[in-house]
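Commentary on secondary and tertiary structure
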Amino acid sequence: MNLFSDIRSLVIQSLDAMVAESALPEGLSFDNVAVEPPRDAAHGDMATNAAMVLAKPARLKPRDIAEALAVKLAADPRIDSAEVAGPGFLNLRLTPSVWQGVVGQVLQLGPDFGRSEMGQGVRVNVEYVSANPTGPLHVGHTRGAVFGDALASLLDYSGHDVTREYYINDGGAQVDVLARSVYLRYLEALGQDVAFEDGTYPGDYLIPVGQALAEQKGDAWVGQPESVWLEELRDFATDAMMDLIRADLAALGVEMDVFFSEKSLYGTGLIEKAIEELRAKGLIYRGVLEPPKGKTPEDWEPREQTLFRSTAHGDDVDRPIMKSDGGWTYFAPDIAYHYDKVSRGFDALIDVFGADHGGYVKRMKAAVSALSGGKVPLDIKLTQLVRLFKNGEPFKMSKRAGTFVTLRDVVDQVGPDVTRFVMLTRKNDAPLDFDFDKVLEQSRENPVFYVQYAHARVMSVLRRAAEAGFATDDAVLGAADLSKLDHRAELAVARKLSEWPRLVETAARANEPHRVAFYLYELAGDFHALWNRGNDTPGLRFVQDGDEATSRAKMALARAVSVVISAGLGILGVTPAQEMR
RNA sequence: GCACCCAUAGCUCAGCUGGAUAGAGUGUCGCCCUCCGAAGGCGAAGGUCGUAGGUUCGAAUCCUACUGGGUGCGCCA
């Protein structure tokens, strides 16, 4: 299924044979032996570093090992040639039938070509978005949502058992602020003049919430103190906000498996239990923290607090878990939440945060490390800022309080597919420029268009071939005589297709879905290049009039490209285009 | 002050968990676009991979120290 691991197995087999023949000493580790595509295609199809990795432990010259290995490898029918190059690289050329076989495999396996068992069913929890339930999602959340969702899909595709989860911060003081803001909108809905002071959310999105409340309650809460309405209104408001957020996510095509409420942790003893767990390990104590150097707050005074000894697990300073009034800090329920995730049996945790939460990474890792006894790894991916542009100019919404660029603003303008793809054209830890005009441009500069165009071109070829009376279904194309794909340009595309399964695995290992987007751009580039050559060389066109056998083989290649593009876009959550307009 | 992230072609960025002469788009320059599947195509120039050390067969990649930019830093989540 993965050509590179197949060839690597062949290399290992040959090395084993060399050991058996005493050409290599026994007891060598082959773990570092790699088979990779060479940077420069002129070097061949694949290269292995086996000789260089083994030279030192085997106490042999790399070139001697390489030459002996080359002889063994060349005996395999898949290997066209094996040449020693440079300090001891072994460059392999595969026979055309290998590349032709890749095309057949893609058609046979369809979207599952590239699917991997690498994850071995490991249970991974991916937590992302987790925006406070106090308003609609904005652009920053959008990037986190797209990244987290694509990462989850990528992990699923590479054999992990993935749970997509959203943590609702509905326990803190910001929910009081929300409730009071809704109360003002409630009064407003009943005809009162209200003023939004500092410390309330003035956004328009609360108007309908206030109206709904007015319809439900009538004037029962007018003039009443907070003690009457605050508790109930907290629930009412967060429910309304979560409905809003769910709808935002749906507009982007994001679907969560679990929404986990912070509030649900309170009163259940879960927080206490998690803290006790840490206390039992001697990680909870009363103490006084040093003031931060350089930027000491004006009102700094030493205070004794209940602290978590996060420094025992790699943090820089210990962190407070309890406020002086005896309430928990925000960190305590977060510890309990991650404790809950560990208790639910996940083998690995991933949190996707905005870059402004960077300072939170070490303490969270420390907590999970302590609570799981170091058994459950927590990877925290930070998504950097999104800078918005329109026509090359920085784009800003009006400064009026309460307005910001929302997920809806973006999705309504460019659509979910473009939004998602563009958000993944940069690695997560690099800032991203998003230009409302450029992302819709139809040019090679725009990767979204370029990839979609490649897919649409394939669809268009198949449509026209069908109109001309050719059979174009996958079963027929899959049975094509692929030995007719003998041109270098065609084999180059097949070679690119063969990299897909390997790319999935490396991207998944690094938790970096952007690599999928870049691969698709390259694959589309190779496909467009082949298409363009058809302009000068009619023999390279996909449909050859009057020669159905050759046409089938060429259409099989095109179809294979579309299958892989479609699978890749599927991971990114983007719908492949059937035609361009 | 400390921590984390970043620094690669004029510009925007890749670089596959250490591999060969560091890649792409864009921009610049040259050629092609009467017929053909040109929302273009072919080619060229363009780099001390922030600086200085170190690790080793081998470093853009790992380590250390600097320089420059971003983010964060005790009862806000």
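All chains use their own residue numbering, which begins from 1 and follows the written sequence. As a convention, the first chain written is A and the first ligand written is 1, with the rest following in written order. Per-residue local features of the predicted model are confined to residues with pLDDT of at least 70, and side-chain atom pairs are confined, for both listing and counting, to 80 or more; whole-chain, interface and lining totals are unaffected and use all residues. The basis for every side-chain value is the complete set of non-hydrogen atoms in the structure, without hydrogens or water.

A short note on the overall build of chain A
Each helix corresponds to a stretch of at least 4 residues labelled H or I by DSSP, and each strand to a stretch of at least 2 residues labelled E; elements are numbered beginning at the N terminus. Secondary structure summary: chain A contains 18 helices and 15 strands in total. Taking contacts inside chain A between residues at least 6 apart in sequence as the whole, the part at least 24 apart equals 72%. On chain A, roughly 26,700 Å² of surface is accessible, and the fraction owed to carbon and sulfur atoms is 48%. Positive charges are assigned to Lys and Arg, negative charges to Asp and Glu, while His and the chain termini are left out of the count. The atom standing in for a charge is NZ when the residue is Lys, CZ when it is Arg, CG when it is Asp and CD when it is Glu. On chain A, the mean spot of the 63 positive side-chain charges and the mean spot of the 83 negative ones are 5 Å from each other. Pairs of residues are marked as contacts when any of their non-hydrogen atoms sit within 4.5 Å. Accessible surface area values rest on a Shrake-Rupley calculation with a 1.4 Å probe, where residue burial reflects the displayed protein chains alone.

A closer look at unusual backbone geometry
Located in the positive-phi region is Val129, a residue other than glycine, with phi close to 65°. Note that Val129 resides in the loop between strand 5 (123–127) and helix 5 (139–157).

Remarks on the nonpolar core
Soluble, globular proteins show a tendency: their nonpolar side chains are buried together. The nonpolar core is taken to be a set of buried Ala, Val, Leu, Ile, Met, Phe, Trp, Tyr and Cys residues, with the residues joined through side-chain atoms within 4.5 Å. Each residue's exposure class comes from its accessible area (1.4 Å probe, protein chains only) as a fraction of the maximum for that residue type: buried when under 20%, exposed when over 50%, partly exposed otherwise. Ranked by internal contacts, the top residues of the largest apolar core, which has 131 residues, are Leu15, Phe434 and Trp500. Ignoring sequence-local partners within four residues, the contact set of Trp500 consists of Phe113, Gly114, Tyr157, Val516, Tyr519, Val564, Ala567, Gly568 and Ile571. In this structure, Phe260, Ala332, Val376 and Leu378 belong to the second largest nonpolar core, which totals 33 residues.

With respect to the protein's contact with RNA strand B
It suffices for a single heavy atom of a residue to lie within 4 Å of a molecule or strand for the residue to be listed as near it. If you check the shell around RNA strand B, you find 55 residues, and the closest are Asn91, Lys323, Ser324, Trp531 and Asn535. Across the atoms of RNA strand B situated within 4 Å of the protein, the share located in sugar and phosphate is 52%. Polar contact is defined as a pair of N or O atoms within 3.5 Å, subject to the rule that within protein one atom must be able to donate a hydrogen and the other to accept it, and that residues adjacent in sequence are counted only when both atoms are side-chain atoms. At 2.9 Å from a sugar or linking oxygen of RNA strand B is found a side-chain nitrogen or oxygen belonging to Asn169. Within the side chain of Arg541, one N or O atom sits 3.2 Å away from a sugar or linking oxygen of RNA strand B. At the level of elements, helix 2 (50–58), strand 4 (89–94), helix 6 (173–189), helix 16 (500–509) and helix 17 (514–536) are the ones that each hand at least two residues to the surface near RNA strand B.

Some points on helix 2
When helix 2 is considered as a whole, its buried residues turn out to be Ala50, Ala51, Leu54, Ala55 and Ala58. Projection of helix 2 onto a plane perpendicular to its axis shows the buried side chains occupying an angular sector of 125°, all on one side. In this fold, the buried residues of helix 2 make contact with helix 1 (3–20), strand 2 (46–48) and helix 3 (62–74). Directly after helix 2, the chain includes Arg59, whose backbone phi takes a positive value near 55°. Taken from the helix axis, the directions to the C-beta atoms give the arc we talk about.

A closer look at the packing of aromatic side chains
Aromatic pairs are defined between Phe, Tyr and Trp rings, using the six-membered ring for Trp, whenever the two ring centres lie within 6.5 Å; interplanar angles under 30 degrees are classed as stacked, those over 60 as edge-to-face, and all others as tilted. Counting across every chain of the model gives 19 aromatic pairs. Ring centres 6.1 Å apart and planes at 45° place the aromatic pair Tyr157 and Trp500 in the tilted group. Of this pair, Tyr157 sits in helix 5 while Trp500 sits in helix 16, and the two are 343 residues apart along the sequence. For Trp500, a relative accessible area of 0% translates into the label buried. On the basis of an interplanar angle of 35° and a centroid distance of 5.7 Å, the ring pair of Tyr183 and Tyr186 is categorised as tilted. Taken together, the residues Tyr183 and Tyr186, both in helix 6 and three residues apart, mark about one turn of the helix.

Some words on the pattern of salt bridges
When a carboxyl oxygen of Asp or Glu lies within 4 Å of a side-chain nitrogen of Lys or Arg, that pair is called a salt bridge. Throughout the structure, instances matching the rule amount to 29 salt bridges. The closest approach of N and O atoms between Asp315 and Arg319, which form a salt bridge, is 2.8 Å. Under the relative-accessibility criterion, Arg319 is labelled buried at 15%. Within the structure, one salt-bridge network assembled from shared partners comprises Asp112, Arg115 and Asp156.

Quick notes on the layout of surface pockets
One way to see where empty space is left: roll a probe the size of a water molecule over the atoms. The computed volume of the second largest pocket comes to approximately 930 Å³. Cavities and pockets were defined on a 1 Å grid built from protein atoms only: a cavity is a group of points that admits a 1.4 Å probe but offers it no way out, a pocket is an open group of points flanked by protein on both sides within 12 Å along at least five of seven lines, and a lining residue is one with an atom within 4 Å of any such point. The wall of the second largest pocket is formed by 35 residues, among which Ala41, Arg495, Lys496, Glu499 and Asp526 lie closest to the centre. For the lining of the second largest pocket, the secondary structure elements donating two or more residues are strand 4, helix 4 (96–109), helix 15 (488–498), helix 16 and helix 17. Per-element accounting of the lining of the second largest pocket gives the leading share, nine residues, to helix 17. Grid points are joined across faces, edges and corners, and a volume is the space filled by probe spheres set on the points.

Side note on helix 9 (residues 270–280)
Helical periodicity: at 3.6 residues per turn, an α-helix aligns residues three or four positions apart in one direction. Among the residues of helix 9, those classed as buried are Ile271, Ala274, Ile275 and Leu278. The arc that holds every buried residue of helix 9, seen down its axis, measures 95°, which confines them to one face. Packed against the buried residues of helix 9 are strand 8 (284–288), strand 9 (304–308), helix 10 (331–343) and helix 11 (361–371). Positive backbone phi, approximately 75°, marks Gly282, located one or two places after helix 9.

Some thoughts on the side chain of Glu262
If you trace the backbone, Glu262 turns up in the loop between strand 7 (258–261) and helix 9. Nearest to the buried, unbridged Glu262 among oppositely charged side chains is Arg234, at 7.4 Å. For Glu262, the side chain forms a polar contact with the side chain of Tyr266, separated by 3.1 Å. Contact partners of Glu262, with chain neighbours within four places excluded, come to Tyr167, Ile168, Asn169, Asp170, Gly171, Gly172 and Pro333.

Here we look at the UniProt feature "domain: Arginyl tRNA synthetase N-terminal" (unreviewed entry) in chain A
UniProt positions are given in the numbering used here, feature names are shortened, and annotations may be inferred rather than shown by experiment. Residues annotated in UniProt with the feature "domain: Arginyl tRNA synthetase N-terminal" (unreviewed entry) correspond here to residues 5–94. The span residues 5–94 carries 42% helix and 20% strand; its end-to-end C-alpha distance comes to 14 Å.

Thoughts on the sheet that holds strand 13 (residues 386–390)
With mixed pairing, the three strands of this open sheet are ordered in space as 14-13-15. Bordering the open sheet on either side are strand 14 (393–394) and strand 15 (432–435), each of which pairs with just one other strand. Paired strands, as defined in this entry, are two strands with at least two bridges between them according to DSSP. Here four bridges tie strand 13 to strand 15, and the two strands are oriented parallel to one another. Paired with Leu388 across the two strands is Phe434, which belongs to strand 15.

Things to note about the UniProt feature "short sequence motif: 'HIGH' region" (unreviewed entry) in chain A
UniProt records the feature "short sequence motif: 'HIGH' region" (unreviewed entry) at residues 131–141, using the numbering of this structure. The span residues 131–141 carries 27% helix and 0% strand; its end-to-end C-alpha distance comes to 7 Å.

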